[in-house]
Amino acid sequence: GLTCSDLSHMLENELGLHVPKPELQRYFAMMDINNDGVLQCEEFVQMIRFLMLDFYPHHILKHLNLTLRQITGFVLMILAGIGLIFFLVTLVVGLFKTGASLDSLLHSGFVGTFGVVGKRLSDQGIGFEDTMQNLEVKLEAMLGSALVLVLGLSKEMEEVFMGVLKEVESAF
């Protein structure tokens, strides 16, 4: 059988695997079922399996600063990329079967995509991402405030002025 120090020597020198002494002693104690301080053949196989499936994967992830969320995100991005490639290949094959024009499809797709992207960027550029009706209400309020400021009205007169504006607006 192997003692803990023999196992440490074998892992380090023979296999080139570094396991910190406290970790090795912990795994050794878990795998030494009969507590005789020596790993038998069955215990040794379980010990190596446990190191390879438990210790090293966690050890590698810890040193690479990878989390399960990062790995999952990476795998999902790869799958999305493969799905996109599959979709595009299927689309092109379908177009050739039906005889449709690839250039008109690409043109329509690009125009639509860039139209949506341009609209979103434009809305973000002016700092407004709401409906046109709400934009109109906001602009009217800003115009009223600007008129009050230009005319130099007091707070009381501002309230009267805004009331008159609302009455005029409701009349139309």
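Just above, that's the structure.
Keep in mind it's a predicted model, so treat the numbers as computed, not measured.

Here is what the cut-offs are and how they apply
- Residues numbered from 1 in each chain as written.
- Predicted model: local features only at pLDDT ≥ 70, side-chain atom pairs only at ≥ 80, totals over all residues.
- Heavy atoms only, no water.
- Helix = DSSP H or I, 4+ residues; strand = E, 2+ residues; numbered from the N terminus.
- Expected span 1.5 Å × (residues − 1).
- Bend = angle between axes of the 7 residues up to and from the residue.
- Buried < 20%, exposed > 50% of the residue type's maximum accessible area, 1.4 Å probe, protein only.
- Contact = heavy atoms within 4.5 Å.
- Lys, Arg positive; Asp, Glu negative; His and termini not counted.
- Salt bridge = Lys/Arg side-chain N within 4 Å of Asp/Glu carboxyl O.
- Polar contact = N/O pair within 3.5 Å; in protein donor to acceptor, adjacent residues only side chain to side chain.
- Phe/Tyr/Trp six-rings, centres within 6.5 Å; stacked < 30°, edge-to-face > 60°.
- Lys NZ or Arg CZ within 6 Å of the ring centre and 35° of its normal.
- 1 Å grid on protein atoms, 1.4 Å probe; cavity = no way out; pocket = protein on both sides within 12 Å on 5 of 7 lines; lining within 4 Å.
- Points joined across faces, edges and corners; volume = space filled by probe spheres on them.
- Nonpolar A, V, L, I, M, F, W, Y, C, P; charged D, E, K, R; others polar.
- Axes fitted to C-alpha atoms, helices over the stretch in contact; angles between N-to-C directions.
- Parallel < 35°, antiparallel > 145°, perpendicular 65-115°, else oblique.
- Left-handed = near helix turned anticlockwise from the far one by under 90°.

What follows concerns helix 3 (residues 41-63). With 23 residues, helix 3 should reach 33 Å at 1.5 Å per residue; the first-to-last C-alpha distance of 31 Å fits that figure. Its axis deflected by about 35° at Leu51, helix 3 carries its strongest bend there. When helix 3 is considered as a whole, its buried residues turn out to be Glu43, Met47, Ile48, Leu51, Phe55 and Tyr56. Each element contacted by the buried residues of helix 3 is listed here: helix 1 (4-14) and helix 2 (21-31). Just beyond helix 3, the residue with positive phi is Asn65, at close to 55°.

Now for the side chain of Glu43. Relative to the helices and strands, Glu43 is located in helix 3. There is no salt bridge for the buried Glu43, and the closest opposite charge comes from Arg49, which lies 14 Å off by N-O distance. In terms of polar contacts, Glu43 uses its side chain to reach the backbone amide nitrogen of Ile33, at 2.9 Å. One polar contact links the side chain of Glu43 to the main-chain amide nitrogen of Gln40, over a distance of 2.7 Å. Among residues more than four places away in sequence, those in contact with Glu43 are Met31, Asp32, Ile33, Asn34 and Val38.

Scanning the model with the defined rule gives zero aromatic pairs in all. Over the face of the ring belonging to Tyr27 we find Arg26, whose NZ or CZ atom lies 4.9 Å from the ring centre.

A separate point is the layout of surface pockets. A volume near 290 Å³ is recorded for the largest pocket. Taken together, Val137, Glu140, Ala141, Leu143, Gly144, Leu147, Met162, Leu165, Lys166, Val168 and Glu169 make up the lining of the largest pocket. Looking at the lining of the largest pocket, the elements with two or more residues in it are helix 6 (132-151) and helix 7 (155-171). Here the lining of the largest pocket gets six residues from one element, more than from any other, and that element is helix 6. Residues of the lining of the largest pocket, tallied by class, amount to seven nonpolar, one polar and three charged.

Turning our attention to the packing of helix 1 against helix 3. Two elements in contact, helix 1 and helix 3, have axes separated by 13 Å at closest approach and are oriented at 50°. Of the possible angle classes, the one that applies to helix 1 and helix 3 is oblique. Pair helix 1 / helix 3 crosses with right-handed handedness. Taking contact as the criterion, the partners of Leu7, Met10 and Leu11 in helix 1 are, on helix 3, Phe44, Met47, Ile48 and Leu51.

Here we take up the packing of helix 1 against helix 2. Taken N-terminus to C-terminus, the directions of helix 1 and helix 2 make an angle of 125°; their axes are 10 Å apart at the nearest point. The orientation of helix 1 relative to helix 2 falls into the category oblique. The handedness of the crossing between helix 1 and helix 2 is right-handed. Here helix 1 contributes Cys4, Leu7, Ser8 and Leu11 to the contact with helix 2, which in turn contributes Leu24, Gln25 and Phe28. The residue makeup of the contact of helix 1 with helix 2, split by class, is five nonpolar, two polar and no charged.

With phi around 55°, Asn35 is a residue other than glycine that occupies positive phi space. Along the chain, Asn35 turns up in the loop between helix 2 and helix 3. The exposed category is assigned to Asn35, whose relative accessible area is 62%.

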